[in-house]
Amino acid sequence: MEKVDFLAFGAHPDDIECGIGGTIAKLTRLGYKVGLVDLTLGEMATNGSVEERQREACQAMEILGASFRVNLQIPDLGITLSRENVEKVVEVLRKAEPKVIAAPYWVDRHPDHEKAGHLVKEGFFNAGLKKVLPEIQPIKRPEKYLRYFLSITSTPSFIVDVTEYYSIKKKAVLAHISQFSQRPEFNQTFLNEGQFLGRIESRDLFFGSQIGKRYGEGFVLQEYIELRHPLALL
Ligand SMILES: [Zn+2]
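Owing to the predicted nature of the structure, the values given are computational and were not obtained by experimental measurement. For every chain, the first residue of the written sequence is number 1, and numbering continues from 1 along that sequence. Where local features are concerned, this predicted model is filtered to residues with pLDDT of at least 70; where side-chain atom pairs are given and counted, the filter is 80 or more; whole-chain, interface and lining totals use all residues. With hydrogens and water set aside, each side-chain value is computed from the structure's full complement of heavy atoms.

This brings us to the packing of aromatic side chains. Stacked, tilted and edge-to-face are the three classes assigned to paired rings of Phe, Tyr and Trp, where Trp is represented by its six-membered ring and a pair needs centres within 6.5 Å; plane angles under 30 degrees give stacked, over 60 edge-to-face, the rest tilted. Evaluation of the coordinates by the stated rule reveals seven aromatic pairs. When the centroid spacing of 5.6 Å and the interplanar angle of 15° are considered together, the rings of Phe149 and Phe207 count as stacked. Placement of Phe149 in the loop between β5 (144-148) and β6 (158-161) and of Phe207 in helix α7 (residues 196-210) is noted, with a sequence separation of 58 residues between them. On the numbers, 3.6 Å between centres and 5° between planes, the contact of Tyr166 with Tyr215 is stacked. Taken together, the residues Tyr166 in helix α5 (residues 166-174) and Tyr215 in the loop between α7 and β7 (216-221) connect sequence positions 49 residues apart. Grouping residues by exposure puts Tyr166 and Tyr215 together as buried. Put simply, the rings of Tyr105, Trp106, Phe149, Phe206 and Phe207 touch in pairs and so form one group of aromatic residues. Here, a charge over a ring is recorded when the distance from Lys NZ or Arg CZ to the ring centre is within 6 Å and its angle to the ring normal is within 35 degrees. The ring of Phe125 carries Arg141 above its face, with NZ or CZ at 4.5 Å from the centroid. Elements are defined by DSSP. Helices are runs of H or I of four residues or more, strands are runs of E of two residues or more, and each kind is numbered from the N terminus. Each residue is placed in one exposure class: buried if its accessible area under a 1.4 Å probe, protein chains only, is under 20% of its type's maximum, exposed if it is over 50%, and partly exposed if it falls in between.

Dropping the structure here:
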């Protein structure tokens, strides 16, 4: 694991791509270092073995240009705020020292997505506490913690234009063949019945439309964003 500027968290090995694949492709193409952290191996998915899913996740990481992808191996459908899980997040935050992190929004169809956001928030806070894992240095908290949307959206704090990078996002999402392919050997699920990818694209088109661009990805910051003065908007 190396030091990065931006660290993205997902509950399952395809969440980050579906949520903010465009932003990650943009950051890496702009020269920033990005790391990816999956909390679980997604072993409870209807399709795809753990090995297949890990291969796909690795391929998606390469497509996005991220520096690394790690898996914290918390049980799928078993994300809890246990001390052990919080410390796993603290460890990765202190080792990668990101300036900004992102995790799923606090409301979602899938309970793991909601819990992932809560667990990362605990880790984010604990990373700055001297008495938590004092052997892992530096004791440091990232500067900002962002939330990104998966199945449910809300009013974003800001929207990133990802138009130029959208084909990379699509490629990274589709690298998860076991989840999204309609090949006959896979069982039909919510993810591969034909509507799921369209839902992601329609959300990103909508966010793009809100800033006068084609594709956008929305983020929520829990605190307010300071602006020097109104003309600094220009
Ligand atoms: Zn997921």
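A few words on the packing of helix α1 (residues 15-29) against helix α2 (residues 50-64). Packing of α1 against α2 leaves a shortest axis separation of 9 Å and a crossing angle of 40°. Put simply, α1 runs oblique to α2. Contact residues: Glu17, Gly21, Ile24, Ala25, Thr28 and Arg29 in α1; Ala60, Ile63 and Leu64 in α2. Its residues assigned to classes, the contact of α1 with α2 comprises five nonpolar, two polar and two charged. Working convention: axes come from line fits to C-alpha atoms, limited for helices to the stretch in contact. Angles between N-to-C directions cover 0 to 180 degrees. Oblique is the label for every angle not falling under 35 degrees (roughly parallel), over 145 degrees (roughly antiparallel), or within 65 to 115 degrees (roughly perpendicular). Whether two residues are in contact is decided by their heavy atoms, any of which lying within 4.5 Å being enough. Basically, the charged four are Asp, Glu, Lys and Arg, the nonpolar ten are Ala, Val, Leu, Ile, Met, Phe, Trp, Tyr, Cys and Pro, and anything else, Gly included, counts as polar.

Bringing the pattern of salt bridges into the picture now. Any carboxyl oxygen of Asp or Glu that lies within 4 Å of a side-chain nitrogen of Lys or Arg is treated as forming a salt bridge with it. According to the stated counting rule, one finds 15 salt bridges in the structure shown. The partner of Glu87 in a salt bridge is Arg83, with the nearest N and O atoms 3.7 Å apart. Here Glu87 pairs with Arg83, and both are found in helix α3 (residues 83-96), just four residues apart, close to one helical turn. Look at Arg83 and you get partly exposed, because its relative accessible area is 42%.

Turning our attention to empty space enclosed by the protein. As defined here, a cavity is a set of points on a 1 Å grid over the protein atoms alone where a 1.4 Å probe fits but cannot get out. A pocket is an open set with protein on both sides within 12 Å along at least five of seven lines, and residues line them when an atom is within 4 Å of a point. Grid points are joined across faces, edges and corners, and a volume is the space filled by probe spheres set on the points. If you walk through the whole model with that rule in mind, you get one cavity of 30 Å³ or more. If you list the elements that add at least two residues to the lining of the largest cavity, you get α1, α7 and β7. Top element by residues in the lining of the largest cavity is α7. It accounts for three residues. Tallied by class, the residues present in the lining of the largest cavity amount to four nonpolar, two polar and three charged.

Time to look at the layout of surface pockets. Of the pockets and cavities examined, the largest pocket occupies roughly 640 Å³. Together, 29 residues line the largest pocket, and Arg109, His110, Phe190, Leu191 and Phe196 are the ones closest to its centre. Listing elements by their share of the lining of the largest pocket, those giving two or more residues are α1, α6 (177-180) and α7. In terms of residue class, the lining of the largest pocket is made up of ten nonpolar, eleven polar and eight charged. In this structure, the second largest pocket spans a volume of roughly 280 Å³.

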